[in-house]
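The residues making up each chain are set out below.
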Amino acid sequence: MTEPHLPAPDSYYPGDAGRAHPGPASTSIPARIRDEIVAHARAAVPNEACGILVGDRPANAGGVATRWVPLRNALASPVRYSIDPEDLLRLTIETDDADEVFWAIVHSHVASPARPSPTDLRESHYPDSLYILVSLAPAEAVPAPGQPGLRAWRIVDGGVHEVALSIDG
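Calculation criteria
- Residues numbered from 1 in each chain as written.
- Predicted model: local features only at pLDDT ≥ 70, side-chain atom pairs only at ≥ 80, totals over all residues.
- Heavy atoms only, no water.
- Phe/Tyr/Trp six-rings, centres within 6.5 Å; stacked < 30°, edge-to-face > 60°.
- Helix = DSSP H or I, 4+ residues; strand = E, 2+ residues; numbered from the N terminus.
- Buried < 20%, exposed > 50% of the residue type's maximum accessible area, 1.4 Å probe, protein only.
- Pairing = 2+ DSSP bridges.
- Contact = heavy atoms within 4.5 Å.

Asker: What am I meant to see in the packing of aromatic side chains here?
Answerer: Describing an aromatic ring pair means giving the distance of the ring centres and the angle of the ring planes. All told, the structure shown has 1 aromatic pair when counted by the stated rule. Geometrically, the ring pair formed by phenylalanine 102 and tyrosine 126 is tilted, given 5.7 Å between the ring centres and 50° between the ring planes. Here the residue phenylalanine 102 occupies a position in strand β4 (residues 101–109), and tyrosine 126 occupies one in the loop between α3 (118–122) and β5 (130–135), the gap between them amounting to 24 residues. By relative accessible area, which is 11% here, phenylalanine 102 ends up buried.

Asker: Looking at this model, I keep getting lost on the pairing of β5. Mind explaining?
Answerer: Consecutive side chains along a regular strand alternate between the two faces of the sheet. Buried residues dominate β5, accounting for 6 of its 6 residues. Both faces of β5 are covered, namely the face carrying Leu130, Ile132 and Val134 and the face carrying Tyr131, Leu133 and Ser135. Pairing geometry for β4 and β5, over 6 bridges, is parallel. Note that in β5 the partner of valine 106 across the bridge is isoleucine 132. Strand direction decides the pairing type here: β5 and strand β6 (residues 149–156), joined by 5 bridges, are antiparallel. Across the sheet, residue valine 134 finds its bridge partner in β6, namely leucine 150.

Asker: I tried to follow the environment of glycine 23 on my own but got confused; where do I start?
Answerer: Tracing the backbone through its elements, the reader meets glycine 23 in the segment before β1 (26–30). Owing to a relative accessible area of 15%, glycine 23 belongs among the buried residues under this scheme. When residues no more than four places from it in sequence are discounted, the contact partners of glycine 23 are Asn60 and Arg154.

Asker: How should I be thinking about the pairing of β1 in this particular structure?
Answerer: Burial along β1 is one-sided: the residues Thr27 and Ile29 are buried and none of Ser26, Ser28 and Pro30 is. Bridge count between β1 and strand β7 (residues 159–168): 5 bridges; the pairing is parallel. Across the sheet, threonine 27 pairs through a bridge with leucine 165, a residue of β7.

Laid out in C-alpha cells, this is it:
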C-alpha cells in the first residue's frame with residue numbers, strides 16, 4: 001500500500017494523456033533483430049544500452065524495421081542513456097543518404113520495467129519513431145522463451161501509447 005503522503009508508484013506515467021492512439025496499434029520485428037538487441041543490452045550491463053532500429057519508413061506509415069544499429073551510451077550509466085553524439089550524427093547522415101528512417105529508438109532498463117521513465121518521456125525527441133525498451137529485470141522476462149521483456153511505445157504530444165510488439169520467426 002502506498003503511504004498517503006507519497007504518490008502512487010506509477011503516478012508519473014501520463015498514459016495516453018487523453019489523446020487518440022497515433023498508430024500503429026501493433027508491429028513486429030524479426031527474431032534475429034530481437035536477439036541482437038538483447039545481446040547488446042546484456043553486454044552493456046551494469047549500464048543501460050542504446051541503439052536505433054533503421055527502417056524503410058516510419059512504423060505508423062506501414063514501414064518495417066530493416067536493421068539494428070547498436071550505439072554507445074555516452075552517459076555509461078545504469079539509470080540513464082544518451083546516444084553518443086558522434087554515433088547519432090554518423091547514423092543520421094547515413095540513413096538520410098540511404099532514404100531510410102529511424103524506425104525505433106531502443107534502450108534497456110537494467111532493473112526496471114520496459115516502460116518509459118519520466119526521463120525517457122522528457123528526452124523523447126523523435127515523435128515519428130517508436131521507442132522500444134528492453135527490460136533485463138528478471139521479473140519482466142517473457143516466461144516461455146525466458147527472454148527479457150521488450151515493449152514498444154509511441155510518445156507523441158505528451159501522450160504515451162503502447163504498440164503491441166510481436167517477434168517474427
